[in-house]
There are 2 protein chains.
Amino acid sequence: MKKPYVVGIDIGGTNTVFGIVDARGNVLATNSIKTQKHPLIEDYIQELYEGLSKLIDDNDATDKIKGIGIGAPNANYYTGTIEHAPNLPWKGIIPFAEMVSDKFGVPVSITNDANAAAIGEMTYGAARGMRDFIMVTLGTGVGGGVVCNGNLIYGHDGNAGELGHITIRRGNSRVCGCGLTGCLETFASATGVARSAREFLESRKDEESLLRNIPLEEITSKDVYDAAMAGDKIAQDVFAFTGEILGEAFADFIKITSPEAIILFGGLAKAGDLLFKPTKEAMERNLMPIFRGKVKILLSELKDADAAVLGASALAWEFKDEE
Amino acid sequence: MKKPYVVGIDIGGTNTVFGIVDARGNVLATNSIKTQKHPLIEDYIQELYEGLSKLIDDNDATDKIKGIGIGAPNANYYTGTIEHAPNLPWKGIIPFAEMVSDKFGVPVSITNDANAAAIGEMTYGAARGMRDFIMVTLGTGVGGGVVCNGNLIYGHDGNAGELGHITIRRGNSRVCGCGLTGCLETFASATGVARSAREFLESRKDEESLLRNIPLEEITSKDVYDAAMAGDKIAQDVFAFTGEILGEAFADFIKITSPEAIILFGGLAKAGDLLFKPTKEAMERNLMPIFRGKVKILLSELKDADAAVLGASALAWEFKDEE
């Protein structure tokens, strides 16, 4: 029987959101539980099972679920495990896909959030019909999902696509949470933008700025955006600087996999032209002629509220139908 | 009928080498013609046709050729064309694969040298059985071939794998032949090594060096290698510097496609541990823990003299057998 629905589960540090999705990317219903509530993984899975079962029943979807796709930090597609995720309550290596599959009796696939976003975009969003594109998520951190020939690139061990940790500034640069220095993520993320703003404010003490009304340590990327839109020079310079760095990184990605488009998702992507104009300019300037003017920078077409669930759910369409 | 042989043609700026190859990578016979002899592409194809036909006849291979694979600079796999190759005598866009196929009546595939090397390594060499690896050719320039899930990555337009032109030093760095600055190729190629030696000799004028016996502009990477092996400090430092840069680049490649191995080919790869030890150290130092100690750096297993023909020939095994 061809089953008409899939389930997407997005596991974030705070909330776990799950929903039922049809083949056109319509989200029938969603619900959520608190990720941190259960220090024991078994208790968490039990609450997830109860919540999701109810959602399925309420939506008349029993026996209509083809499979479950899960997006989670530090998830490994090949092994189905979540491995040493610093922001989740369960330590070590959790056989997550297997545990969920055992509970629900349907196939389960798991990958990290950025990979899920890429597959979601290819299935329902801005990358429909594209065989070669790169997904870049610009949130608290920077994540990546690389699609070549219509397939997501997992690499030999499932760890491909760590685009946020390529070294974009060498030598004595910003320290990253990953332990390296100069990672793209330390500049082109929401936290990176706030960090740049603090640096600019400190090194340009003589200049006035709307951002000086906010305690230095409390400045967010949203504050910098608002100030830039209000005409603040320092805030505008922060976005120009961030875009420059992002464009440099994009140019290197393009030389490696030559995508048709780079698709952006996440809080920082909302900055629009303030960020994308300098990004695009720096990208083109750092490309050889054979690549110039060819690569689109696009925004995700998945609705914010549903994007993570949609992305995760898209994984489940890859399962074969039962005979 | 299952045909037992393929033909590989390697088009270099000076010579065009062609050979007949069996499924195990044995080269039955090779011959060559001068690439620059005929300003008219039709004349060149005619000489190639005559030379290769004779080789096929002499080796009793008539009607046993499954297809022809061609490695050439600026070749596009998708379109079968050679496009604006600066070191070849024919200008513009040449429909090379079609022209050769029309002459010989067998399917023809074409790609650039580094991609051909990657497919050759996967078919007959160090990457047999690998589904995820990166080929890096270290010659006059730096070329790349990226294999993911067992497929060479061509990108949306056929231009993927330009690993020699990622920006490894930003800002006011070395000018590259491609028009950009700070490209990996300007450091980690044979010409890059010679350039580094000249820079080091000029900036360390007080230090003795065996290399000072050679006119500055005539120093080759081979001279630097010989001096380093003879214990010359400046020459050794050049290789340490080159390895450092190469390792930094490898670390970024790994974060993007997470290969099982990076396979090296080309003149500079002959430097052995002098180059690979600092490369490996820098690579590991620039990786996050999840990638560390996992990625092998391997040397090509294709014999030098045959490597280019073998690489090109491997393309032709991808053709389906005629019914």
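Residues numbered from 1 in each chain as written. Chains lettered and ligands numbered in written order. Predicted model: local features only at pLDDT ≥ 70, side-chain atom pairs only at ≥ 80, totals over all residues. Heavy atoms only, no water.

As named in an unreviewed UniProt entry, chain A is ROK family protein, taken from Candidatus Enterocola intestinipullorum. Under the UniProt heading Sequence similarities (unreviewed entry), the entry covering chain A gives this text: "Belongs to the ROK (NagC/XylR) family." (UniProt positions renumbered as here; feature names shortened; annotations may be inferred.)

Caption draft 1: Broad picture of the overall build of chain A. Secondary structure assignment for chain A yields eight helices and 13 strands. Computed over the C-alpha atoms, the radius of gyration of chain A is 21 Å, within 12% of the 20 Å expected from 2.2 N^0.38 for a compact globule of 323 residues. Overall, chain A is about 65 × 45 × 35 Å in size when its C-alpha atoms are taken along their principal axes. Taking contacts inside chain A between residues at least 6 apart in sequence as the whole, the part at least 24 apart equals 63%. Accessible area of chain A: about 13300 Å², with a carbon and sulfur share of 50%. (Helix = DSSP H or I, 4+ residues; strand = E, 2+ residues; numbered from the N terminus. Rg over C-alpha atoms; globule rule 2.2 N^0.38 Å. Contact = heavy atoms within 4.5 Å. Areas by Shrake-Rupley, 256 points an atom, 1.4 Å probe, with all protein chains shown as cover.)

Caption draft 2: Quick peek at the sheet that holds strand S6 (residues 81–83) of chain B. Residues and elements named next belong to chain B. With antiparallel pairing, three strands are arranged side by side in an open sheet as S5-S6-S7. Strand pairing shows two members of the sheet lacking a second neighbour, strand S5 (75–76) and strand S7 (93–94), which therefore form its edges. Relative to S6, S5 runs antiparallel, the two sharing two bridges. Of the residues in S6, the one forming a bridge with Ala75 is Ile82. (Pairing = 2+ DSSP bridges.)

Caption draft 3: How the structure looks around the packing of helix H1 (residues 41–58) of chain B against helix H2 (residues 96–104) of chain B. Residues and elements named next belong to chain B. For the pair H1 and H2, interaxial distance at closest approach is 11 Å and the crossing angle is 45°. Considering their axes alone, H1 and H2 lie oblique with respect to each other. For H1 against H2, the interelement crossing comes out right-handed. Note on element contacts: H2 touches H1 through Phe96, Met99, Val100, Lys103 and Phe104, opposite Ile41, Glu42, Tyr44, Ile45, Gln46, Leu48, Tyr49, Leu52 and Ser53. For the contact of H1 with H2, a count of residues per class yields ten nonpolar, two polar and two charged. (Axes fitted to C-alpha atoms, helices over the stretch in contact; angles between N-to-C directions. Parallel < 35°, antiparallel > 145°, perpendicular 65-115°, else oblique. Left-handed = near helix turned anticlockwise from the far one by under 90°. Nonpolar A, V, L, I, M, F, W, Y, C, P; charged D, E, K, R; others polar.)

Caption draft 4: Summary view of the interface of chain B and chain A. Contacts between the two partners involve 43 residues from chain B and, on the opposite side, 43 residues from chain A. Of the roughly 3300 Å² buried where chain B meets chain A, counting both sides, 56% is carbon and sulfur surface. It is His156(B), Arg170(B) and Ile256(B) that lose the most area in chain B upon contact with chain A, and together they represent 22% of the buried surface on that side. Residue Arg170(A) pairs with Glu248(B) through a salt bridge whose shortest N-O separation is 3.6 Å. Between chain B and chain A we count 20 residue pairs in polar contact (both at pLDDT 80 or more) in total. Of all the elements in the fold, those that place two or more residues in the side of chain B that touches chain A are strand S10 (142–148), strand S11 (151–152) and helix H6 (233–257) of chain B. It is H6(B) that contributes the most residues to the side of chain B that touches chain A, six residues altogether. (Buried area = accessible area lost by both parts, 1.4 Å probe. Salt bridge = Lys/Arg side-chain N within 4 Å of Asp/Glu carboxyl O. Polar contact = N/O pair within 3.5 Å; in protein donor to acceptor, adjacent residues only side chain to side chain.)

Caption draft 5: Local environment of the pairing of strand S8 (residues 108–111) of chain B. Residue and element names in this part refer to chain B. Neither face of S8 is exposed, since Val108 and Ile110 on one face and Ser109 and Thr111 on the opposite face are all buried. One ladder, built from four bridges, connects strand S4 (residues 65–71) with S8; its direction is parallel. Bridging from a neighbouring strand, Ile70 pairs with Ile110 of S8. (Buried < 20%, exposed > 50% of the residue type's maximum accessible area, 1.4 Å probe, protein only.)

Caption draft 6: Examining the relation of the copies chain B and chain A more closely. The two copies are related by a screw motion: chain B maps onto chain A through a turn of 180° and a shift of 0.0 Å along the axis, at an RMSD of 0.0 Å. Seen this way, the second copy is the image of the first under a two-fold rotation axis. Of the residues that chain B buries at the interface, 100% are likewise interface residues in chain A, meaning the two copies contact each other through the same surface. (Least-squares fit on C-alpha atoms with pLDDT ≥ 70 in both.)

Caption draft 7: Local environment of the side chain of Ser313(B). Residue and element names in this part refer to chain B. Mapped onto the secondary structure, Ser313 falls in helix H8 (residues 304–314). A polar contact of 2.8 Å, which involves the side chain of Ser313, links it to the side chain of Tyr124. Among all residues touching Ser313, those that are not within four sequence positions of it are Val6, Val7, Gly8, Val21, Gly69 and Tyr124.

Caption draft 8: Seen up close, the state of the cysteines. All chains considered together, the criterion is met by zero disulfides over all chains. No disulfide involves Cys148(A); its sulfur sits 5.6 Å from the nearest other cysteine sulfur, which is in Cys148(B). Classification of Cys148(B) as buried rests on a relative accessible area of 3%. (Disulfide = S-S within 2.5 Å.)

Caption draft 9: Geometry of unusual backbone geometry. Residues and elements named next belong to chain B. Of note, Asn74 is a non-glycine position whose phi angle comes to about 60°, a positive value. Within the secondary structure layout, Asn74 lies in the loop between S4 and S5. On the basis of relative accessible area, Asn74 is assigned to the partly exposed category, the value being 37%. Here the phi dihedral of Ser258 falls at roughly 40°; this positive angle occurs in a residue that is not glycine. Locating Ser258 in the fold gives a position in the loop between H6 and strand S12 (261–265). A relative accessible area of 1% places Ser258 in the buried class.

Caption draft 10: Spatial organisation of the sheet that holds strand S13 (residues 296–299) of chain A. All names here are of chain A. Here we have five strands laid out as an open sheet, ordered S11-S10-S9-S12-S13, and mixed in their pairing. Each having just a single partner strand, strand S11 (151–152) and S13 make up the two edges of the open sheet. In terms of strand pairing, strand S12 (residues 261–265) meets S13 through four bridges, oriented parallel. If you follow Ala261 over to S13, its bridge partner there is Lys296. Of the strands in this sheet, strand S9 (133–138), S12 and S13 touch helix H7 (residues 273–285), which is tilted by about 155° from S13.

Caption draft 11: Quick look at empty space enclosed by the protein. Counted according to the given criterion, the structure contains two cavities of 30 Å³ or more. Volume-wise, the largest cavity comes out at about 80 Å³. Lining the largest cavity are 13 residues, and of these Ile166(A), Thr167(A), Asp252(A), Ile166(B) and Asp252(B) sit closest to its centre. Breaking the lining of the largest cavity down by element, the ones donating at least two residues are helix H6 (233–257) of chain A together with H6 of chain B. Classifying every residue of the lining of the largest cavity gives seven nonpolar, two polar and four charged. Taken as a whole, the second largest cavity encloses approximately 30 Å³ of empty space. (1 Å grid on protein atoms, 1.4 Å probe; cavity = no way out; pocket = protein on both sides within 12 Å on 5 of 7 lines; lining within 4 Å. Points joined across faces, edges and corners; volume = space filled by probe spheres on them.)

Caption draft 12: Broad picture of the side chain of Thr167(A). Following the sequence through the fold, Thr167(A) ends up in the loop between S11 and helix H4 (190–203). Thr167(A) has contacts with Thr181(A), Gly182(A), Asp252(B), Lys255(B) and Asn286(B), leaving out every residue within four places of it along the chain.

Caption draft 13: Quick peek at H4(A). Residues and elements named next belong to chain A. Across its 14 residues, H4 extends 20 Å between first and last C-alpha, which sits within 8% of the 20 Å expected from 1.5 Å per residue. Within H4, the full set of buried residues consists of Gly192, Val193, Ala194, Ser196, Ala197, Arg198, Phe200 and Leu201. Buried positions along H4 lie against helix H5 (221–229) and H6. (Expected span 1.5 Å × (residues − 1).)

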